[in-house]
Amino acid sequence: KILILDFGGQTSQLIGRRIRDAGVYAEIIHGDTELTDQILTSDVKGLILSGSPYSVYEEGSPRPDKKVYSLDIPVLGICYGLQVTTWENGGKVAPLHTKEYGRSAIRYRKTDCPLLKDIPDNFVSWMSHGDSLDELAPGFDLVAESEHDLPAIVENREKGFWGLQFHPEVTHCEYGSRILENFAVHICGASKGWSMDKYVEDAAERLKKQVGNEKVLLLISGGVDSTVAGGLLLKSLDPKNIYLMYIDTGMMRKNETEKVSENLKKLGAENLLIIDARDRFLGPLEGISDPETKRKSIGDTFIRVQEEEIAKHISGDYFLAQGTLYTDLIESGKGVGNKAGVIKSHHNVGTPLVEGKRKEGKIVEPLDMLYKDEVRRLGLLLGIEEKIVYRHPFPGPGLGIRIIGDVTEEKCDILREADSIYIEELHKRGLYSRIWQAFAVLLPVRSVGVTGDAREYGYVLALRAVVSHDGMTADVFDFPTKDLLEISSLITNKVKEIGRVVYDISSKPPSTIEWE
Ligand code: XMP
């Protein structure tokens, strides 16, 4: 495998993905982790030092364990990784007057660098740096320059070190994946044994070892991660021991409950606990219109319902499974520690149930080594329908935060109907997969309309469709007008309570994706 030392660069995670895409297993650890024998096991064939928001000359900037400069396995430094190596080995790094940002063609000064195998001169790299190498460290050679005459690739073949000023992990970097593959496969000699089939095999073994014949409970939301986690548990362990609990909050999408149970049955579920908790959720929400109070009420009810239902259905000791992904661990600060460390806390972390089980050591997270796109591939491999595997994200509080103002069963029904027409049409028109997240929002305003001779006051429905990579920022989807108009009239024709449809044209920032 290849180990990536992460110094908090925005694209550090992508390095791991690209290496895995090349068929080589990669793991990310804190940039300043001490490189003990337990970390540098014999299967580690190479190290990559990532980029960072820091400058090497800034106080408190992260440093790798010094051992990294005298290892007998190859090391690749990317951006900050190259600068810190230069700085600590007698070279000079200084701020640039003008940052080098975006595309930059790379001119070779040397052509025999193994990193550049099968890569033509003048390929277009992708830069993002405010510091540059002023002087290479002794023993390091310049391999290539950027179009601004700055050092772009260096090597110290004797020491087994290569360095890139640009970011090969970014999709805009031509030949970036090939450079990383050249490093992992040709320079490090790492084997191409990483595949989803292998993951399924390894996961089954891990799960059997960890859980044995004990019971496992998984809470199913209907989303991609929990469904795939369920599929993997069912494939790896005895389905008799697996309890899949789905809680119908009354704020789910149309036919969600039926679809979830049908899918899990197909995957071999034997203990499916479909909990009708609609009254328990909607009751306490009556009359509440403040968004955060609604969220808190829904969150509290989740905790209460889970406790009640677990006590009812599961006796004795059990493990709690979660669909946590590799990125969730990294984002909640468990994977790496740095300035960009805790970006957001994973919403599953922190409930008394999860915390308690964590303390007992009774948590299993079978997807914790996977990126989202790998989870999707795994889902397909396990036989889960494409429609589920490529589903847009759906918030925990469900339609509760898409009904602006107070939530009632009637409003849930109206929104469910309209949302389902919208989403179905997106599928039919081939638009769904081009959108990161699409949904409808029911507004608490009535607007006047005419039906026949009568004037009627109907609800206003807002349609939202955004493109994004991670939900942190989002652009409005450039909706084809014809489709938008047709979908709007379908909705007003079929859902009589809705008198007017509008399209939300705000990006994030300054808006958010959801309305509440
Ligand atoms: P915003 O609205 O903050 O949303 O731009 C970013 C992403 O997070 C989802 N979201 C939530 N997910 N509980 C969740 O589980 C919530 O309370 C919540 N609020 C927003 C939203 O759907 C989008 O994908």
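As annotated in an unreviewed UniProt entry, the protein chain carries the name GMP synthase [glutamine-hydrolyzing] and comes from Spirochaeta isovalerica. Note on the protein chain: under the UniProt heading Function (unreviewed entry), the record states "Catalyzes the synthesis of GMP from XMP." Quoted verbatim from the Subunit (unreviewed entry) heading of the UniProt record, the comment on the protein chain is "Homodimer."

**Thoughts on unusual backbone geometry**
That bond from Lys-508 to Pro-509 is cis: its omega, -15°, falls within 30 degrees of zero. Looking at the element boundaries, Pro-509 is found in the segment after strand E19 (498-503). In this model, Pro-509 is joined to Pro-510 through a cis peptide bond whose omega is 10°. Tracing the sequence through the fold places Pro-510 in the segment after E19. Within the chain, Cys-79 stands out as a residue other than glycine whose phi angle is a positive 55°. Along the chain, Cys-79 falls in the loop between strand E4 (75-78) and helix H2 (80-88). Residue classification places Cys-79 among the buried residues on the basis of 23 C-beta atoms within 10 Å. Despite not being glycine, Asn-255 shows a phi value in the positive range, around 60°. With respect to the helices, strands and loops of the structure, Asn-255 is situated in the loop between strand E12 (242-248) and helix H6 (256-266).

**Quick look at the UniProt feature "active site" (unreviewed entry) in the protein chain**
As recorded in UniProt, the feature "active site" (unreviewed entry) lies at Cys-79, His-167 and Glu-169. Look at the named residues: they lie 91 residues apart in sequence, but the longest C-alpha span between them is just 11.3 Å, so in the fold they bunch up. Positionally, His-167 belongs in the loop between strand E10 (161-164) and helix H3 (176-187). According to the C-beta neighbour criterion, His-167 is buried, with 24 such atoms within 10 Å. Setting aside its immediate chain neighbours within four residues, His-167 contacts Thr-11, Gly-51, Ile-78, Cys-79, Trp-126, Ser-128 and Cys-173. The topology assignment puts Glu-169 in the loop between E10 and H3.

**Description of the nonpolar core**
Among the nonpolar cores identified, the biggest contains 54 residues, and Ile-2, Val-24, Ile-48, Phe-183 and Ala-184 are the most heavily contacted of them. The biggest single contributor to this core is H3, with six residues. Leu-232, Ile-242, Tyr-326 and Leu-378 belong to the second largest nonpolar core, which has 34 residues in total.

**Examining the domain arrangement of the protein chain**
Split into domains, the protein chain comes out as domain 1 (2-187), domain 2 (196-389) and domain 3 (408-503). Look at where the C-alpha atoms of domain 2 and domain 3 centre, and you get two points 29 Å apart. Listed by partner, the interface residues are five residues for domain 2 and six residues for domain 3. Each residue belonging to the side of domain 2 that touches domain 3 can be placed in one class, and the counts come to two nonpolar, one polar and two charged.

**As for the packing of helix H4 (residues 196-211) against helix H5 (residues 224-236)**
Relative to each other, H4 and H5 sit at 70°, their axes nearing to 9 Å. In terms of their interaxial angle, H4 and H5 are classed as roughly perpendicular. In contact with Val-200, Ala-203, Ala-204, Leu-207 and Lys-208 of H4, H5 contributes Leu-232, Leu-233, Lys-235 and Ser-236.

Thresholds applied
- Residues numbered from 1 in each chain as written.
- Predicted model: local features only at pLDDT ≥ 70, side-chain atom pairs only at ≥ 80, totals over all residues.
- UniProt positions renumbered as here; feature names shortened; annotations may be inferred.
- Helix = DSSP H or I, 4+ residues; strand = E, 2+ residues; numbered from the N terminus.
- Buried ≥ 20, exposed ≤ 12 C-beta atoms within 10 Å, placed from the backbone.
- Contact = placed C-beta atoms within 7 Å.
- Core = buried A, V, L, I, M, F, W, Y, C linked by C-beta atoms within 7 Å.
- Domains from an automatic or database assignment.
- Nonpolar A, V, L, I, M, F, W, Y, C, P; charged D, E, K, R; others polar.
- Axes fitted to C-alpha atoms, helices over the stretch in contact; angles between N-to-C directions.
- Parallel < 35°, antiparallel > 145°, perpendicular 65-115°, else oblique.

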